[in-house]
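Structural overview
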Amino acid sequence: LLNYLAQDKSTTAVCIYVEGLKDGHAFLDAARKVTRKKPLVVLKGGVTATGAKAALSHTASLAGDGAVYKGAFLQAGCVIANNLEEFVDFAEIFAKSSRALGHRVGIITNSGGHGILASDAVEQFGLQLAHFDLKTKRKLASLEVPIHNPLDLLGDATSEKYEAALDTLVSDNNVDVILLMLLPQTPRLVAETLLLFIKKAKETSRKPIVCVTSGSTFAEHIKLEVEKIGLPCYHFPEEAVRAIKKLVDFWARRS
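Here goes a summary of the coordinates provided.

Parameters and conventions
- Residues numbered from 1 in each chain as written.
- Predicted model: local features only at pLDDT ≥ 70, side-chain atom pairs only at ≥ 80, totals over all residues.
- Heavy atoms only, no water.
- Pairing = 2+ DSSP bridges.
- Helix = DSSP H or I, 4+ residues; strand = E, 2+ residues; numbered from the N terminus.
- Axes fitted to C-alpha atoms, helices over the stretch in contact; angles between N-to-C directions.
- Contact = heavy atoms within 4.5 Å.
- Expected span 1.5 Å × (residues − 1).
- Buried < 20%, exposed > 50% of the residue type's maximum accessible area, 1.4 Å probe, protein only.
- Arc of directions from axis to C-beta.
- Polar contact = N/O pair within 3.5 Å; in protein donor to acceptor, adjacent residues only side chain to side chain.
- Disulfide = S-S within 2.5 Å.
- Salt bridge = Lys/Arg side-chain N within 4 Å of Asp/Glu carboxyl O.

On the basis of which strands lie adjacent, the open sheet formed by three strands has the order E1-E2-E3 and parallel pairing. The open sheet has two free edges, formed respectively by strand E1 (14-18) and strand E3 (79-81), since each of these has just one partner strand. Taken pair by pair, the neighbouring strands of this sheet meet at an average axis angle of 25°, ignoring direction. Sitting on the sheet, helix H5 (residues 84-96) touches E1, strand E2 (40-44) and E3, and the angle it makes with E3 is about 145°.

Bringing helix H10 (residues 217-229) into the picture now. End to end, H10 covers 19 Å across 13 residues, agreeing with the expected 18 Å (1.5 Å per residue, within 8%). Looking at H10, one finds that the buried residues are Ala-219, Ile-222, Lys-223, Val-226 and Glu-227. Each buried residue of H10 lies within a common arc of 140° when the element is viewed along its axis, so the set occupies one face. Residues Thr-217 and Lys-228 are exposed on H10 and point more than 90 degrees away from its buried face. In this structure, the buried side of H10 is in contact with H5, helix H9 (191-204), strand E8 (209-212) and strand E9 (233-234). Between the side-chain oxygen of the N-cap and the backbone nitrogen of Phe-218 there are 3.4 Å, and the N-cap of H10 in question is Ser-216.

A word on the state of the cysteines. Summed over the entire model, instances satisfying the criterion amount to zero disulfides. Of all cysteine sulfurs in the structure, the one in Cys-15 sits closest to Cys-78, which takes part in no disulfide; the separation is 11 Å. By relative accessible area, which is 3% here, Cys-78 ends up buried. Between Cys-233, a cysteine without a disulfide, and Cys-211, which holds the nearest cysteine sulfur, the sulfur-to-sulfur distance is 5.2 Å. Given a relative accessible area of 2%, Cys-233 falls into the buried group.

To continue, consider the pairing of E1. Only one face of E1 is covered, namely the one carrying Val-14, Ile-16 and Val-18; the face carrying Cys-15 and Tyr-17 has none of its residues buried. Sheet topology places E1 next to E2; five bridges connect them, and they run parallel. Across the sheet, residue Val-14 finds its bridge partner in E2, namely Leu-40.

Before going further, it helps to examine the pattern of salt bridges. Going through the model one piece at a time under the given rule, you end up with 11 salt bridges. Arg-104 is the partner of Asp-176 in a salt bridge, and the nearest nitrogen-oxygen pair spans 2.8 Å. Of this pair, Asp-176 sits in the loop between helix H8 (159-171) and strand E7 (177-181) while Arg-104 is found in strand E4 (residues 104-109), placing the two residues 72 residues apart along the sequence. Given the relative accessible area of 10%, Asp-176 is considered buried. Looking at Arg-104, the relative accessible area reads 24%, which means it is partly exposed.

Another point: unusual backbone geometry. Cis geometry marks the peptide bond from Asn-149 to Pro-150, where omega comes out at 5°. Secondary-structure assignment places Pro-150 in the loop between helix H7 (134-142) and strand E6 (151-152). Even without glycine at this site, Leu-154 takes up a positive phi of about 75°. Inspection of the secondary structure puts Leu-154 in the loop between E6 and H8. A relative accessible area of 45% places Leu-154 in the partly exposed class.

Okay, here's the thing in structure tokens:
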């Protein structure tokens, strides 16, 4: 399957769950063929004694030493997920994001709290908050919004202000990845307009755009619509930044 998916042009990322391997050398050869072209996310089951025992009764697979497997996966260039939540999160970003060319993150938000938490996560995961260039600062000043990163549009942000901010960061060469966070239930945002400008940005931007929306049933609806557009969208800032870190690291190893 790995040999096939490595060649399949319609597959942008591969994700596998592993309990045990009978032929480790064959697996590593196939895994390297994949990772030379596209991400391979791996989740290993049976990394504890209890889990290994369960794996044996589940598929009669000898789970083996978790540390040995981890070393082999890293050697083959795989992206390692530690749990099912990370597995799904990494699948989402690799399947829907363009290549990351650097680790500088530009944040747009209408929630100050989300912006602070995202900033914390950026530093904790070893990324960097982008320093906006002079042209960006001038344009942001004309929008009467703060000109520093994270870019907090405040709770009265309009859809048009979001669009202008996103267009500005798409054009800023100091920004490698855009983290677009929005609470769509605030009164001045129009959902249809939001989705239109997000779709436009997806079609025109060469840099990854990762979204976060949370807080209500309506926000969940917007999340699903953003995913239909083809962008990764998460519930919380920390999980989005964690996924961005994996995206950045994978492409950095291939630059």
